[in-house]
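Coordinate analysis (summary)
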Amino acid sequence: MNHNPQSSDGKHDDDSALSDFLGSLMDYTPTIPDELVEHYLAKSGFQCPDVRLIRLVAVATQKFVAEVASDALQHCKARQAAVVKDKRDKQQKDKRLILTMDDLSKSLREYGVNVKHQEYFADSPSTGMDPASRDE
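Here we summarise the structure given alongside this text. (Residues numbered from 1 in each chain as written. Predicted model: local features only at pLDDT ≥ 70, side-chain atom pairs only at ≥ 80, totals over all residues. Heavy atoms only, no water.)

**Overview of the packing of aromatic side chains**
Aromatic rings in a pair are described by how distant their centres are and how their planes are angled relative to each other. Evaluated as defined, the whole model comprises 1 aromatic pair. A centroid spacing of 5.5 Å and a plane angle of 80° characterise the contact between F64 and Y111, whose relative ring orientation is edge-to-face. On the criterion of sequence distance, the pair formed by F64 in helix 3 (residues 51-86) and Y111 in the loop between helix 5 (101-110) and helix 6 (131-134) is long-range, its members being 47 residues apart. (Phe/Tyr/Trp six-rings, centres within 6.5 Å; stacked < 30°, edge-to-face > 60°. Helix = DSSP H or I, 4+ residues; strand = E, 2+ residues; numbered from the N terminus.)

**Brief notes about the side chain of R55**
Structurally, R55 can be placed in helix 3. Discounting residues that sit within four places of it in the chain, R55 has contacts with L25, M26, D27, Y28, P30 and D34. (Contact = heavy atoms within 4.5 Å.)

**Focus: helix 5**
Of the residues making up helix 5, those classed as buried are D103, S105, S107 and L108. One or two residues past the end of helix 5 sits G112, with phi positive at roughly 85°. (Buried < 20%, exposed > 50% of the residue type's maximum accessible area, 1.4 Å probe, protein only.)

Shown next, in the form of structure tokens:
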């Protein structure tokens with residue numbers, strides 16, 4: 001058996017797998033709407049009438065956003081675990097995770113996206129929240 005990536009059998013298998021995958025995208029409804037993907041692709045100068053390619057970009061974007069959010073959650077948990085060690089008694093009652101812009105910035109930096117945001121100050125983490133949801 002020839003394991004050369006240039007062999008015609010390997011190329012045919014790759015083409016077949018790609019065709020099957022692109023075909024399956026026609027039945028899949030991604031989280032990010034096709035219209036939104038088309039808008040941003042058009043804004044960057046890319047026009048494509050093939051819905052499969054639009055959905056492929058949507059799936060890749062969805063995966064990227066999910067990975068960034070997951071990494072930001074890990075940064076948030078690590079940050080709050082460090083705070084709990086410093087203030088054990090007070091923080092034990094509050095188990096909520098508060099995702100900050102710093103958590104998101106650290107996560108995005110790992111993917112090569114540098115976010116610069118203005119510093120702002122709040123009296124408490126619940127500042128700006130709906131009064132009814134503050135008690136949760």
